[in-house]
Amino acid sequence: MPEIHTLTVAEVVTETPDAHSVVFELTPEQAEAFRYRPGQFLTLKVGTAARCYSLSSAPHEGSRLKVTVKRTDGGYGSNWICDNIRAGARVEVLAPAGVFTPKDLDENLLLFAGGSGITPVMSILKTALRQGNGRITLLYANRDERSVIFAGELAALSREFAGRLTVLHWLESVQGLPTVEQLRTLAQPFAEFEAFLCGPAPFMAAAKQALKDFGLPKNRIHLEKFVSLGGDPFATQAPAPESGETTALRVDLDGTQHEFTWPRQRKLLDFLLDKGLDAPYSCREGQCSACACRIVSGEVKMLDNEILDSEDIADGIVLACQSVPLTDAVSVTYE
Ligand SMILES: Cc1cc2nc3c(=O)[nH]c(=O)nc-3n(C[C@H](O)[C@H](O)[C@H](O)COP(=O)(O)OP(=O)(O)OC[C@H]3O[C@@H](n4cnc5c(N)ncnc54)[C@H](O)[C@@H]3O)c2cc1C
Ligand code: FES
């Protein structure tokens, strides 16, 4: 059972006609649990459901954490948040999670954002500008000028960091949907950069293809997929049945090696949490990738996977929340 925190809303900011930012003010006691890396997300309890929202604030900005929610047509959670959450509201939230975050803030970054996909990208961009020294190029696609979230802030950062930040806006109302070829042409000068992509599925697919076409290695392309959680990570998990067969498990987490005897029917994440390890996760349903880790040796089976693609899997990436062991020994690492 994850630890559930209740955060107080300090402010709600109307960013565009259909996007609101919700700013939480942390108490000093909550600060430690809510330390985060740029690109990570929070999981909010929304009525009977739970939804993930990326932090658009940056860690160096302090105790006010901001998520930015764009209304989805016919969507339950996003419209509920935009219609109901006001300053002073108390919201149940899970601690930050996610692996869509740069390892090295000094890298040159190539960022692709479509619509609300700007939220984690904005956090990465602000952090890398303030705390790193690389060059940053943002390609930011939107339906029209009115739907550009953070337009003013990006313009101000472009002026302040004129030698390091380039923002290329793409407006569907003017230029149509960007094609793979157009994205390839725009991105080609930045072929050596580390790429981060977030936005609607067709936009991400086109951007990923463009990057692959000019040979950017797969491990330099990072994607964040926005999906709605089907289950409720706030609910109590049923205890797993015990059986006799086990696997010798070796885990490398936060630079520490652990060895365990892993019951074959237990999912890796559940088992590690039972053992008291601080393994990352959010949805526990194979939908968000917060629990992703890499198989170093041995084999596991994923019971469900709605987020990793075949290339991730070929690279040995698995979802700990869905993995059960298949071999007598398994070694995994969280990078
Ligand atoms: C890691 C992560 C980070 C995210 N960060 C952000 C962020 O920063 N900002 C942001 O705005 N979003 C973000 N999202 C997406 C967010 O979690 C929600 O998925 C999004 O807000 C839509 O949720 P919803 O409840 O409004 O829509 P849902 O109710 O989930 O509906 C989604 C769509 O499905 C349709 N639908 C719903 N039920 C049915 C049905 N029974 N049959 C047919 N169609 C149906 C709806 O009409 C709608 O078009 C993120 C997601 C993830 C996983
Ligand atoms: S915790 Fe979300 S995919 Fe595993």
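Values in this document were obtained by computation on a predicted structure and should not be read as measured data.

Colleague: What is the right way to read helix α2 (residues 118-131) from this model?
Modeller: Because the α-helix completes a turn every 3.6 residues, residues three or four places apart line up on one side. Taking 1.5 Å per residue as the helical rise, α2 with its 14 residues ought to reach 20 Å, and the 19 Å between its terminal C-alpha atoms agrees with that figure. Counting buried residues in α2 gives 12 out of 14 residues, a clear majority hidden from the surface. Three or more residues of α2 are buried, namely Ile 118, Thr 119, Pro 120, Val 121, Met 122, Ser 123, Ile 124, Leu 125, Lys 126, Thr 127, Ala 128 and Leu 129.

Colleague: Please explain the sheet that holds strand β9 (residues 165-171) as it appears in this structure.
Modeller: Across a sheet, paired strands are connected by hydrogen bonds in the backbone, their directions being either parallel or antiparallel. Pairing is parallel in the open sheet, where five strands are placed in the order β9-β8-β7-β10-β11. Either end of the sheet is taken by a strand with one partner, and the two such strands are β9 and β11 (221-224). Within this sheet the neighbouring strands show an average axis-to-axis angle of 15°, counted without direction. With six bridges connecting them, strand β7 (residues 109-114) and strand β8 (residues 136-142) associate as parallel partners. For Leu 109, the partnering residue across the bridge sits in β8 and is Ile 136. Strands in contact with helix α3 (residues 151-160) are β8 and β9; relative to β9, the strand with the most contacts, it is inclined by about 145°. Along the sheet face, helix α6 (residues 201-213) touches β7, β8, β10 (194-198) and β11 and points at about 165° away from the line of β10.

Colleague: Even after reading the chapter, I still don't get empty space enclosed by the protein, so can you show me in this structure?
Modeller: Empty space among the atoms becomes visible once a probe the size of a water molecule is rolled across them. If you walk through the whole model with that rule in mind, you get one cavity of 30 Å³ or more. Volume-wise, the largest cavity comes out at about 30 Å³. At the level of elements, β7, β8 and α5 (180-187) are the ones that each hand at least two residues to the lining of the largest cavity. It is α5 that provides the largest number of residues to the lining of the largest cavity, a total of three residues.

Colleague: What is the right way to look at the pattern of salt bridges in this model?
Modeller: Two side chains that carry opposite charge are able to pair once their charged atoms sit near each other. For the coordinates displayed, the defined rule picks out 18 salt bridges. The closest approach of N and O atoms between Arg 71 and Asp 83, which form a salt bridge, is 2.7 Å. One end of the pair, Arg 71, is in the loop between β5 (64-70) and α1 (77-84); the other, Asp 83, is in helix α1, with 12 residues separating them in the sequence. Assessed through its relative accessible area of 43%, Asp 83 is described here as partly exposed. A network of salt bridges, in which partner residues are shared, links Glu 11, Glu 25 and Arg 64.

Colleague: Mind showing me how you'd approach the domain arrangement of the protein here?
Modeller: In many reports, interface size means the accessible area that the parts give up when they come together. When cut into domains, the protein gives domain 1 (4-97), domain 2 (109-224) and domain 3 (246-333). Domain 1 and domain 2 are separated by 23 Å when their C-alpha centres are compared. Between domain 1 and domain 2, the contact holds 21 residues from the first and 19 residues from the second. On the domain 1 side of the interface with domain 2, the three residues burying the most area are Ser 56, His 60 and Lys 70, jointly 32% of the side's total. The tally of links from domain 1 across to domain 2 stands at two salt bridges. With a shortest N-O distance of 3.6 Å, Asp 18 and Arg 143 are connected by a salt bridge. Summed over the shared surface of domain 1 and domain 2, the number is three residue pairs in polar contact (both at pLDDT 80 or more). Counting only elements with at least two residues in the side of domain 1 that touches domain 2, the list comes to β1 (4-16), β2 (19-25) and β5.

Colleague: Would you mind showing me how to read the layout of surface pockets here?
Modeller: Taken as a whole, the second largest pocket encloses approximately 1100 Å³ of empty space. Surrounding the second largest pocket, 42 residues form its lining, Thr 72, Ser 116, Gly 199, Pro 200 and Phe 226 being those nearest its centre. Counting only elements with at least two residues in the lining of the second largest pocket, the list comes to β4 (49-54), β5, α1, β8 and α6. Among the elements that make up the lining of the second largest pocket, the one with the highest residue count is α6 (five residues). Of the residues that make up the lining of the second largest pocket, three or more belong to each of domain 1 (4-97) and domain 2 (109-224).

Criteria and cut-off values
- Residues numbered from 1 in each chain as written.
- Chains lettered and ligands numbered in written order.
- Predicted model: local features only at pLDDT ≥ 70, side-chain atom pairs only at ≥ 80, totals over all residues.
- Heavy atoms only, no water.
- Helix = DSSP H or I, 4+ residues; strand = E, 2+ residues; numbered from the N terminus.
- Expected span 1.5 Å × (residues − 1).
- Buried < 20%, exposed > 50% of the residue type's maximum accessible area, 1.4 Å probe, protein only.
- Pairing = 2+ DSSP bridges.
- Axes fitted to C-alpha atoms, helices over the stretch in contact; angles between N-to-C directions.
- Contact = heavy atoms within 4.5 Å.
- 1 Å grid on protein atoms, 1.4 Å probe; cavity = no way out; pocket = protein on both sides within 12 Å on 5 of 7 lines; lining within 4 Å.
- Points joined across faces, edges and corners; volume = space filled by probe spheres on them.
- Salt bridge = Lys/Arg side-chain N within 4 Å of Asp/Glu carboxyl O.
- Domains from an automatic or database assignment.
- Buried area = accessible area lost by both parts, 1.4 Å probe.
- Polar contact = N/O pair within 3.5 Å; in protein donor to acceptor, adjacent residues only side chain to side chain.

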